[in-house]
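Okay, here's what each chain looks like letter by letter:
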Amino acid sequence: MRNKNIMKHLLSFMLIFAILIPLSGCTSQLKPTKTPLTITLLKVGKADAIIALSGKHALLIDTGEEDDGEEVVEFLQNNAITKVDAMIITHFDQDHVGGADTVLERMNVKDIYVPNYEGTHVEYTDFLNAVKNSSASIHKLTDSDSFVFGDAQVLIEPPASYHIDDLNSDYDNNFSLITTITHGNNRLVFTGDAEKQRIREWLKSEHETKCNFLKVPHHGIYTTALKELVEKLDPEISVICSSEKNPADEKTLNLLHSHCPYIYETKDGNVLIISDGNTLESSQKLKR
């Protein structure tokens, strides 16, 4: 009798197990995939204007020069974006902050992240006035900050110091915020105009350095630290924000060609990067 009960319970268990196996398989197939993340680097000359979209969420990394603000706004409107979650101004050179006042006047921007120093160009003053007249919250970074953006995580890292060396006329570049977007297994790094001091400082910080995508610093101008950056990041895709008048240095292109399968320059048109959380796709839309 006892053996019959054991066999009965065993058969019941096997029946339940047989039912659960296909159900668990169905559940895994129904897991939602990550919302695609798109990054568009606009053709705006020797300037940075970068737009990240995740569903209806929008993130800007720099806004080009003064006249480029209209193009940024037009791009957002053409993609049915009415609100910008965050705007990151890597530093206050006019080819990075120039279009920010137009974006702030035309779009609803929630948060702005900037380095904690004072700019010297009129575009910086226009930007501050536009911030005052907007509802945006501005965050002047002395420590790293992070936030969720759609299905991605954004990390913004400021320089260790904002000390200005009187002998360094290009100090703005080395105050560049460095932004890392992590989307599933993909890691995308945006370096502003970081020069060798800033690059080496960042590489010493304690974080994983491999990435899938690199926005090459300072419009492709070669520095001795660029080799260290490319070798440690080992990107699959790299993009240079350049122009026909100011193309990337040949030494930079040669370095990238020896390490990176896909290299684009915005002088040839807008560059589109698409992440599904596992792989990256890239393409260049030629713009006359």
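Check the entry above for the structure.
The paragraphs below set out a description of the structure included in this document. Owing to the predicted nature of the structure, the values given are computational and were not obtained by experimental measurement.

About the criteria used
- Residues numbered from 1 in each chain as written.
- Predicted model: local features only at pLDDT ≥ 70, side-chain atom pairs only at ≥ 80, totals over all residues.
- Heavy atoms only, no water.
- Helix = DSSP H or I, 4+ residues; strand = E, 2+ residues; numbered from the N terminus.
- Buried < 20%, exposed > 50% of the residue type's maximum accessible area, 1.4 Å probe, protein only.
- Areas by Shrake-Rupley, 256 points an atom, 1.4 Å probe, with all protein chains shown as cover.
- Phe/Tyr/Trp six-rings, centres within 6.5 Å; stacked < 30°, edge-to-face > 60°.
- Salt bridge = Lys/Arg side-chain N within 4 Å of Asp/Glu carboxyl O.
- 1 Å grid on protein atoms, 1.4 Å probe; cavity = no way out; pocket = protein on both sides within 12 Å on 5 of 7 lines; lining within 4 Å.
- Points joined across faces, edges and corners; volume = space filled by probe spheres on them.
- Nonpolar A, V, L, I, M, F, W, Y, C, P; charged D, E, K, R; others polar.
- Pairing = 2+ DSSP bridges.

## What to know about the overall build of the protein
Alright, step 1. In terms of helices and strands, the protein carries eight helices and 15 strands.
Alright, step 2. Scored against the burial criterion, the 288 residues of the protein give a buried share of 49%.
Alright, step 3. Of the accessible surface of the protein, which amounts to about 14,500 Å², a share of 52% is contributed by carbon and sulfur atoms.

## Here's the deal with the packing of aromatic side chains
Alright, step 1. Across all of its chains, the model carries ten aromatic pairs by this definition.
Alright, step 2. When the centroid spacing of 4.5 Å and the interplanar angle of 50° are considered together, the rings of Phe92 and Tyr124 count as tilted. One end of the pair, Phe92, is in the loop between strand 4 (83-88) and helix 3 (94-97); the other, Tyr124, is in helix 5 (residues 122-132), with 32 residues separating them in the sequence.
Alright, step 3. The buried category is assigned to Phe92, whose relative accessible area is 1%.
Alright, step 4. Overall, the relative accessible area of 5% leaves Tyr124 in the buried class.
Alright, step 5. Members of the aromatic cluster, joined through ring pairs, are Phe92, Tyr117, Tyr124, Phe127, Tyr162, Tyr171 and Phe175.

## Concerning the pattern of salt bridges
Alright, step 1. By the definition in use, this model includes seven salt bridges.
Alright, step 2. The salt bridge partner of Lys215 is Asp48, with a shortest N-O separation of 2.8 Å. One end of the pair, Lys215, is in strand 11 (residues 213-215); the other, Asp48, is in the loop between strand 1 (37-41) and strand 2 (49-54), and 167 residues separate them in sequence.
Alright, step 3. A salt bridge links Glu70 to Arg106, with the shortest nitrogen-to-oxygen separation between them at 2.7 Å. Of this pair, Glu70 sits in helix 2 (residues 69-78) while Arg106 sits in helix 4 (residues 100-106), and the two are 36 residues apart along the sequence.
Alright, step 4. Classification of Arg106 by relative accessible area gives partly exposed; the value is 40%.

## Some words on the layout of surface pockets
Alright, step 1. Of the voids in this model, the second largest pocket is the one considered here, and its volume is about 220 Å³.
Alright, step 2. When the residues that make up the lining of the second largest pocket are grouped by side-chain class, the tally is three nonpolar, five polar and three charged.

## Structural notes on the pairing of strand 14 (residues 270-275)
Alright, step 1. In the sheet, strand 1 pairs with strand 14 via five bridges, with the strands oriented antiparallel. Directly across from Ile39, in strand 14, lies its bridge partner Ile273.
Alright, step 2. In this sheet, strand 15 (residues 280-285) lies alongside strand 14 in antiparallel orientation, the contact comprising six bridges. Considered in strand 15, the bridge of Ile273 is made with Ser282.
Alright, step 3. Counting the residues that bridge the hairpin from strand 14 to strand 15 gives four residues, and of these Gly277 lies at a positive phi of roughly 95°.

On their own, these measurements won't tell you what the molecule is for.
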